[in-house]
Amino acid sequence: MSLLRIDGLTVDLPAAHGTFRVIEDQSLDVPVGAVVGIVGESGSGKSMLLRAITDILPDGSTRTWERAEFDGQPVADTARLPIAMVFQDPMTSFNPLMRVGAHLVEVARRQRRSSRADAKKRAIEALAAARVPDPERVFGRYPHELSGGLRQRAMIAMALLAEPRLLLADEPTTALDATVQAEILALLAQLRDERRLTIVIVTHDLGVVAAICDTVAVMKDGAIVERGPVDTVFAEPQHPYTRSLLAAAPDRSGQ
Ligand SMILES: Nc1ncnc2c1ncn2[C@@H]1O[C@H](COP(=O)(O)OP(=O)(O)O)[C@@H](O)[C@H]1O
Ligand SMILES: [Mg+2]
């Protein structure tokens, strides 16, 4: 059963002279409850693929598809779908002059009309769900007062407040050191299990894919060149580009 299925996706970005076709005629199938990895080198179109799903492409872009379905229903517009996104650098998602709690309350009230007190309660619950220690304290902090890991947890909490069924994560651990990276990946896996969340995670790190993903799609120059269960793709890569990625990766024999 697919949560999200897109066929014939094409994305054109604005360029100095006309447009630049960054993704051409691609398909994506995200099974319910799966963690799907999208890997590929920098500039291969991973971020634009995620942004195309939620329609947050750069101004002047166009996105077309032949067919898209969410939860079995055809979709024309993704704006109202229960999809949330987290980014590599939470600092760009937070207003530095606003306390963490104020961000969360704003999202909570946008999601559901409620009193300020109720929105605060839901914000604290979301921080707790993202395993933020002492959520009441973090609620009152400014983004820059938090460690990178805590900031990422706060951003995940903000995403959870939107009550998503699909979470899109664009390099969510790239800016973090290895220990914190592992903690955030463990959190995402826990959330998937607890909330039956479906996750698409973009990364250039095959270690992330090995750690958390069920299936993987390998992107090169705006096209998915190989896809399948992680074990199969890692054990028997079919595409030369996948082979070169695996050959270049640090030793994964511990996995
Ligand atoms: N805002 C933008 N306007 C025009 N082109 C862009 C923009 N952002 C990225 N691109 C181009 O789109 C291509 C894919 O970028 P991106 O999806 O960000 O790659 P990745 O996330 O895989 O590193 C690159 O060639 C990049 O230069
Ligand atoms: Mg990117």
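Residues numbered from 1 in each chain as written. Chains lettered and ligands numbered in written order. Predicted model: local features only at pLDDT ≥ 70, side-chain atom pairs only at ≥ 80, totals over all residues. Heavy atoms only, no water.

- In the annotation of an unreviewed UniProt entry, the protein chain is listed under the name Oligopeptide transport ATP-binding protein OppD and assigned to Microbacterium terrae.
- The heading Subcellular location (unreviewed entry) in the UniProt record of the protein chain holds the text "Cell membrane".
- Comment text from UniProt for the protein chain, heading Sequence similarities (unreviewed entry), reads "Belongs to the ABC transporter superfamily." (UniProt positions renumbered as here; feature names shortened; annotations may be inferred.)

## Quick word on the sheet that holds strand S3 (residues 35-39)
Here comes step 1: Pairing within the open sheet is mixed, and its six strands lie in the order S7-S8-S9-S3-S10-S11. Each edge of the sheet is formed by a strand with only one pairing partner; in this case those strands are strand S7 (83-86) and strand S11 (223-229). When the angles between neighbouring strand axes are averaged without regard to direction, this sheet yields 15°.
Here comes step 2: Inspection of the sheet shows S3 paired to strand S9 (residues 198-203) by five bridges, in the parallel sense. Along S9, the bridge assignment pairs Val 39 with Thr 203.
Here comes step 3: Against the sheet, helix H7 (residues 178-195) touches S3, strand S8 (166-170) and S9, its axis set at about 155° to S9. (Pairing = 2+ DSSP bridges. Helix = DSSP H or I, 4+ residues; strand = E, 2+ residues; numbered from the N terminus. Axes fitted to C-alpha atoms, helices over the stretch in contact; angles between N-to-C directions. Contact = heavy atoms within 4.5 Å.)

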